[in-house]
Amino acid sequence: MSRKAEEQYLKWQEETTKKLERFPERKPKFTTSSDIEVDRLYIPDELDDEYVEKQGFPGQYPYTRGVQPTMYRGRLWTMRQYAGFGSAEETNRRFRYLLEQGQTGLSVAFDLPTQIGYDSDDPMSVGEVGKVGVAIDSLEDMEVLLEGIPLDQVSTSMTINAPASVLLAMYIAVAEKQGVPSHKLAGTIQNDILKEYIARGTYIFPPKPSMRLITDIFAYCAENVPKWNTISISGYHMREAGSNAVQEVAFTLANGIAYVEAAINAGLDVDDFAPQLSFFFNGHNNFFEEIAKFRAARRIWARIMKERFKAKKPKSMQLRVHTQTGGSTLTAQQPDNNIVRVAIQALAAVLGGTQSLHTNSRDEALALPTEESARIALRTQQIIAHETGVADTVDPLAGSYYVEHLTDTVEEKVMGYLDKIEKMGGAVSAVEQGYMQREIHQQAYETQKAIESGEQIVVGMNQYRIEEEEQPELLRVDPALAEKQKQRLEQLRKKRDHAKVEQTLAQLKKAAGTDENLMPYILDCVRAYATVGEICNVLRDVFGEYQAV
Amino acid sequence: MEKEKIRVLIAKPGLDGHDRGALVIAQALRDEGMEVIYTGLRQTPAQIVSSAIQEDVDCIGLSSLSGAHNELFPEVIRLLKEQGADDILVVGGGVIPESDIPYLEEQGVAKIFTPGTSTKETADFIREQVKKKKLNRIEAPRQIDHIGIAVRSIEESLPLYRDVLGLKVQGYDTVPSEKVKVAFIEIGETRIELLEPTDPESAIARYIEKNGEGIHHIAFQVTDIEGHLDHVKQKQVRLIHEQPKPGAHDSLIAFLHPKSTGGVLMELCQPKTPEQNGGREHE
């Protein structure tokens, strides 16, 4: 054993012991079915410098083997199913149901008008209110959404980007009313605008003011909401839009670099905000490549943060990741087959060391999931967690010749892309030139051609087809919900304190023209029951709107 | 004549940002030889209809994955109708439950392509439907090409037109298939055609025998005689000639059956080329 390796090994043991004192593992002893004892960690017989540099120990730089010293032996990943549709009441019921079923974190899906900063009664919102998520117009809706859910005890992920500040402010304001101080709040906002321009499409403002809103959140939360993940830098949607695994990691990390730079340029210290950065990846089909992808991404990010941005805190260097299984891999044909796809993808994410996981429902190529489908999806995770034993030792595939080769190769190819994007002037500039968009589209088109030619087999779709039975029962969003939501908004506009609304909006507008942090102003607007649309319109006036390239 | 490219507008109505499918289908249709315009995200139905009309497209492909299709697709169709552009084919795709498809088709969406449809299948469908649609919006006849008058003898009838009325004779021809000699007399943008039988068994000879001399038929000038024949046939009009046949001056002609046209004998007439049309004087 080299000296360096020995030092690291001892450090890991020490940290593990410390951690175990506070958080014991799930079981006193882990064994296989044949009573073979399962160790916490398996390492090569001969530990050398190369191993330490490339793999290290779990919870140690460069985090290839995971961000925690005991990984899932200590605590399983967070099972976090994305949910939300229709009205706040209905979503609140679904949340409570999922918590009763053993889900451990909430994940809020907002409808498209909310995500793009339009109120439910805006002409642009026709047909979209409450469709892909819950409609939130004002603090009043957020109060209903979170009713009876103790905000100091759950962690909540909100898929919100362009108006992330507004929704986070509403969450903080609801917590205030529950008597929960903001420093106790845990959760995540997606807040990743760059991938919206690239792949997801719910942008509002141009890149520059959007980046400013994001760094305002970083600064505000570092001080006031320290347990909150202020961004979830997302490869998921780029993968869904058609990218491959390497592009997913490369473009995500390129965007991550852009956010870190923006925050540093805004005067923040890297170790003040970087511990609150989180990531979001896709769990796709190619099993071993997916596992390698997570391992490579952790290693690259750790190096970037340490070497390029001179981060000192370990938490600043750790790539903590939420994973969702790949929606675009699901087929509308023979939908029950999707349960199997999801299980395999979820297993890859777990073997890759994800911190939280959403498993898709079998019917998502057809509509939003029914309660039954959502339950099967959650059960899939629970089966992996409790029945397979894969969570009983840390990073079980390390040392596989194949997985390590893939990890190294993914890293090498990602670095190639990062260099290229750097030469283009960074991610913001590459996005503005449409570079990532083109790369992804090209890849998507090639995939489509491979499927149509039969070169790539999709079971049940281009091979092994059957005469389809009737489609299963699907979730329907009651069209009356949109009407009800509009009525509620109309009543709110009548009963709230108009002077207060006008005043807070005017102050926000004034501040938007300066470089003051906008979070406190947005909080004031939200507390006065100004709507998402009103707040975003004030910012549209000052910032303008993004026009796609 | 070179075949015109089919023009397609791929549009994303509503706020949905998932454009992988829209972009892939746009490129696939381009590869299939169509001209494709992509609207980009967040288009209102009104914007889509206005782009479609401005770009003079044959087909609109609507894509939505957000569940707003039941509201937005029919609105596009309604606006197309309102603006008299409902000859544009509308197809759709995205995350659309099977049970919504009958409603959308009833509203006028020609077809919904659900996930897993090959791009080839989509392209073939559009091609076939656009071809059908084109027949239905055949260009109306441009003008009266000529009025045919049956005469026993051109030589005897001509002086009235030429010397008394002062019209100009444009030319003479014989049409062996019809067993007639013809003289064209120019009048404004149209002509009078005097028809003299060359054989007692010809149609004109029999006509004169039955009705005496007089107005025989009206000929409408068209640019696509085959298309017109298909079109009137579809509209249940009986034909004398199922296929166009050669007429005077290398034109193509076909007669509709007077039983279907209120007793007026109508001819469709497609001049050989526009150049010859204009150069008739010199023949």
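Source: prediction; values computed, not measured. (Residues numbered from 1 in each chain as written. Chains lettered and ligands numbered in written order. Predicted model: local features only at pLDDT ≥ 70, side-chain atom pairs only at ≥ 80, totals over all residues.)

**Student:** Before we go on, may I ask you to explain the overall build of chain B in this structure?
**Tutor:** A count of helices and strands for chain B gives nine helices and 13 strands. In terms of overall dimensions, chain B is more spread out than a globule: its C-alpha atoms have a radius of gyration of 26 Å, far above the 19 Å expected for 283 residues. With respect to the three principal axes, the spread of C-alpha positions in chain B is 80 × 35 × 30 Å. Across the 283 residues in chain B, those meeting the buried criterion constitute 39%. Across chain B, every contact between residues at least 6 apart in sequence was considered, and the portion connecting residues at least 24 apart equals 64%. (Helix = DSSP H or I, 4+ residues; strand = E, 2+ residues; numbered from the N terminus. Rg over C-alpha atoms; globule rule 2.2 N^0.38 Å. Buried ≥ 20, exposed ≤ 12 C-beta atoms within 10 Å, placed from the backbone. Contact = placed C-beta atoms within 7 Å.)

**Student:** Sorry if this is basic, but what is going on with the sheet that holds strand S11 (residues 245-246) of chain B here?
**Tutor:** The strands making up a sheet are joined through hydrogen bonds of the backbone, oriented either antiparallel or parallel. Residue and element names in this part refer to chain B. Strand order in the open sheet formed by eight strands is S7-S8-S9-S6-S10-S13-S12-S11, and the pairing between neighbours is mixed. Each edge of the open sheet carries a strand with a single partner, namely strand S7 (168-175) and S11. Summarising the sheet, S7 and strand S8 (residues 180-187) pair through seven bridges and their orientation is antiparallel. Note on S8: the bridge partner recorded for Gly-171 is Phe-184. Seen against the sheet, helix H6 (residues 154-164) touches S7, S8 and strand S9 (190-197) and runs at an angle of roughly 160° to S9. Relative to S9, helix H7 (residues 203-211) is tilted by about 90°, and along the sheet it contacts strand S6 (143-150), S8, S9 and strand S10 (214-221). (Pairing = 2+ DSSP bridges. Axes fitted to C-alpha atoms, helices over the stretch in contact; angles between N-to-C directions.)

**Student:** What is the right way to read the interface of chain A and chain B from this model?
**Tutor:** Accessible area lost when the parts come together is the quantity often used to give the size of an interface. Each side of the interface is counted separately: chain A has 30 residues, and chain B has 26 residues. Breaking the side of chain A that touches chain B down by element, the ones donating at least two residues are helix H4 (112-115) and helix H18 (435-453) of chain A. Counting residues per element, the side of chain A that touches chain B draws most heavily on H18 of chain A, at five residues. Residue composition of the side of chain A that touches chain B, grouped by class: 17 nonpolar, nine polar and four charged. (Nonpolar A, V, L, I, M, F, W, Y, C, P; charged D, E, K, R; others polar.)

**Student:** Can you walk me through the domain arrangement of chain B in this structure?
**Tutor:** When the domains of chain B are assigned, the result is domain 1 (7-136) and domain 2 (143-282). For domain 1 of chain B versus domain 2 of chain B, the separation of C-alpha centres amounts to 45 Å. (Domains from an automatic or database assignment.)

**Student:** Please explain the pairing of strand S3 (residues 59-64) of chain B as it appears in this structure.
**Tutor:** On any regular strand, side chains alternate: one points to one face of the sheet, the next to the other face. Residues and elements named next belong to chain B. In terms of burial, S3 is largely enclosed, as six of its six residues are buried. Here S3 shows two buried faces, one formed by Cys-59, Gly-61 and Ser-63 and the other by Ile-60, Leu-62 and Ser-64. Sheet analysis places strand S1 (residues 7-11) next to S3, joined by four bridges and oriented parallel. What sits directly across from Leu-9, in S3, is Ile-60. Both S3 and strand S4 (residues 89-94) contribute to a ladder of six bridges, which runs parallel. Considered in S4, the bridge of Gly-61 is made with Val-91. Handedness of the crossover is the feature at issue here: the chain leaves S3, passes through helix H3 (residues 69-82), returns alongside S4, and the resulting connection is right-handed. (Right-handed = clockwise from strand over helix to strand, strands pointing away.)

**Student:** Teacher, can you tell me more about the packing of helix H20 (residues 498-512) of chain A against helix H21 (residues 519-527) of chain A here?
**Tutor:** For any two helices packed against each other, the geometry comes down to the angle between their axes and how far apart the axes lie. Residues and elements named next belong to chain A. The N-to-C vectors of H20 and H21 enclose an angle of 165°; their axes lie 9 Å apart at closest approach. With respect to H21, the element H20 is oriented roughly antiparallel. For the crossing formed where H20 meets H21, the hand is left-handed. Contacts between H20 and H21 involve Thr-504, Leu-505, Gln-507, Leu-508 and Ala-511 on the former and, on the latter, Tyr-521, Ile-522, Asp-524 and Cys-525. When the residues that make up the contact of H20 with H21 are grouped by side-chain class, the tally is six nonpolar, two polar and one charged. (Parallel < 35°, antiparallel > 145°, perpendicular 65-115°, else oblique. Left-handed = near helix turned anticlockwise from the far one by under 90°.)

**Student:** Can you walk me through helix H8 (residues 207-224) of chain A in this structure?
**Tutor:** An α-helix turns once per 3.6 residues; consequently, residues spaced three or four apart project the same way. Compared with the 26 Å implied by 1.5 Å per residue over 18 residues, the 25 Å span of H8 of chain A between its first and last C-alpha is a close match. Among all positions in H8 of chain A, only Ser-210, Met-211, Leu-213, Ile-214, Thr-215, Asp-216, Ile-217, Phe-218, Tyr-220, Cys-221 and Ala-222 of chain A are buried. (Expected span 1.5 Å × (residues − 1).)

**Student:** Quick question: what am I supposed to make of the nonpolar core here?
**Tutor:** In terms of nonpolar packing, the biggest core is built from 194 residues, with Leu-167, Ile-522 and Ile-535 of chain A together with Val-8, Cys-59, Ile-60 and Val-76 of chain B touching the most fellow members. If one sorts the elements of this core by residue count, helix H10 (residues 245-265) of chain A sits on top with 13 residues. Those residues in contact with Leu-167 of chain A that sit more than four places away from it in its chain are Ile-136, Met-158, Ile-160 and Ile-189 of chain A. If you look at the next biggest cluster of nonpolar residues, it comprises 13 residues, including Ala-150, Val-151, Val-182 and Phe-184 of chain B. (Core = buried A, V, L, I, M, F, W, Y, C linked by C-beta atoms within 7 Å.)

**Student:** Even after reading the chapter, I still don't get the confidence of the model for chain B, so can you show me in this structure?
**Tutor:** Detailed reading of the predicted model is not advised wherever pLDDT is low. All names here are of chain B. Chain-level statistics for chain B give a pLDDT mean of 89 and a share of 94% at 70 or above. Note that residues 275-283 has pLDDT below 50 and, in this model, eight contacts with residues that lie over four places away or in other chains. Here the prediction assigns the complex a pTM of 0.82, and the interface score ipTM is 0.86. (pLDDT = per-residue confidence, 0-100.)

**Student:** Whenever I open this one, helix H19 (residues 480-495) of chain A confuses me. Can you help?
**Tutor:** Residue and element names in this part refer to chain A. The end-to-end C-alpha separation of H19 is 23 Å, in line with the 22 Å expected for 16 residues at 1.5 Å each. Taken as a whole, H19 has its buried residues at Leu-481, Ala-482, Gln-485 and Leu-489. Down the axis of H19, the buried side of the element spans an arc of 100°, and every buried residue falls inside it. For H19, the exposed residues set more than 90 degrees away from the buried face come down to Ala-480, Glu-483, Gln-487, Glu-490, Gln-491, Lys-494 and Lys-495. (Arc of directions from axis to C-beta.)

**Student:** Help me understand the environment of Pro-206 of chain A in this model?
**Tutor:** Residue and element names in this part refer to chain A. Within the fold, Pro-206 resides in the loop between helix H7 (193-200) and H8. Look at Pro-206 and you get partly exposed, because 16 C-beta atoms sit within 10 Å. Sequence-wise, Pro-206 and Gln-547 are 341 residues apart; in three dimensions their C-alpha atoms are separated by 7.6 Å. When near neighbours in sequence (up to four residues on either side) are disregarded, Pro-206 contacts Phe-543, Gly-544 and Tyr-546.

**Student:** Help me out: how do you make sense of the packing of helix H2 (residues 45-54) of chain B against H3 of chain B in this one?
**Tutor:** All names here are of chain B. Direction vectors running N to C along H2 and H3 enclose 45°, while the axes themselves pass 9 Å from each other. Taken together, H2 and H3 sit at an angle that is classed as oblique. Of the two elements, H2 crosses H3, and the hand of that crossing is right-handed. On H3, the residues touching Pro-45, Ala-46, Ile-48 and Val-49 of H2 are Leu-72, Glu-75, Val-76, Leu-79 and Leu-80. Here the contact of H2 with H3 is built from residues that sort into eight nonpolar, no polar and one charged.

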